[in-house]
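Per-entry structural report
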Amino acid sequence: MNPRQFLRMSRWARNPPSAKRVKLVLGVVAACLILLAFERVIGWPDWLTLDQPVRGRIINR
């Protein structure tokens, strides 16, 4: 491990994050897991899939 990581861990041990920040991070992780589960169970909708990129030059008229 990088010595910088040990310094960061010691700083977190001395000054842990607030309860609000922990709740925020856990909420974001929970939202990501819910979206992942939704995608795995139901599938990715076709209307969210991008079309294939256009090959060649695009001419502005």
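First things first, this report covers the structure right here in the doc. (Residues numbered from 1 in each chain as written. Predicted model: local features only at pLDDT ≥ 70, side-chain atom pairs only at ≥ 80, totals over all residues. Heavy atoms only, no water.)

1. A few points about the overall build of the protein
Helices and strands together make up the secondary structure of the protein, namely two helices and zero strands. Burial analysis of the protein (61 residues in total) assigns 0% to the buried set. Summed over all atoms, the accessible surface of the protein reaches about 6800 Å², with 63% contributed by carbon and sulfur. (Helix = DSSP H or I, 4+ residues; strand = E, 2+ residues; numbered from the N terminus. Buried < 20%, exposed > 50% of the residue type's maximum accessible area, 1.4 Å probe, protein only. Areas by Shrake-Rupley, 256 points an atom, 1.4 Å probe, with all protein chains shown as cover.)

2. Considering a nonpolar patch on the surface
A cluster of nonpolar side chains, contributed by Val25, Val29, Leu33 and Leu36, occupies part of the molecular surface with about 340 Å² of accessible area. Look at valine 25 and you get partly exposed, because its relative accessible area is 45%. (Patch = residues over 30% accessible without salt bridge, like charges linked within 9 Å, V, L, I, M, F, W, Y side chains within 5 Å. Salt bridge = Lys/Arg side-chain N within 4 Å of Asp/Glu carboxyl O.)

3. A word on helix 2 (residues 19–42)
A rise of 1.5 Å per residue sets the reference length of helix 2, with its 24 residues, at 34 Å; its end C-alpha atoms lie 34 Å apart and thus fit the reference within 8%. With zero of 24 residues buried, helix 2 lies mostly on the surface of the structure. Just past helix 2, the residue glycine 43 takes up positive phi, approximately 110°. (Expected span 1.5 Å × (residues − 1).)

4. What about helix 1 (residues 3–14)?
In an α-helix, one turn spans 3.6 residues, which is why side chains three or four residues apart end up on the same side. Given a rise of 1.5 Å per residue, twelve residues ought to cover 16 Å, and the 17 Å separating the end C-alpha atoms of helix 1 matches this to within 8%. Little of helix 1 sits out of view: just zero of its twelve residues are buried.

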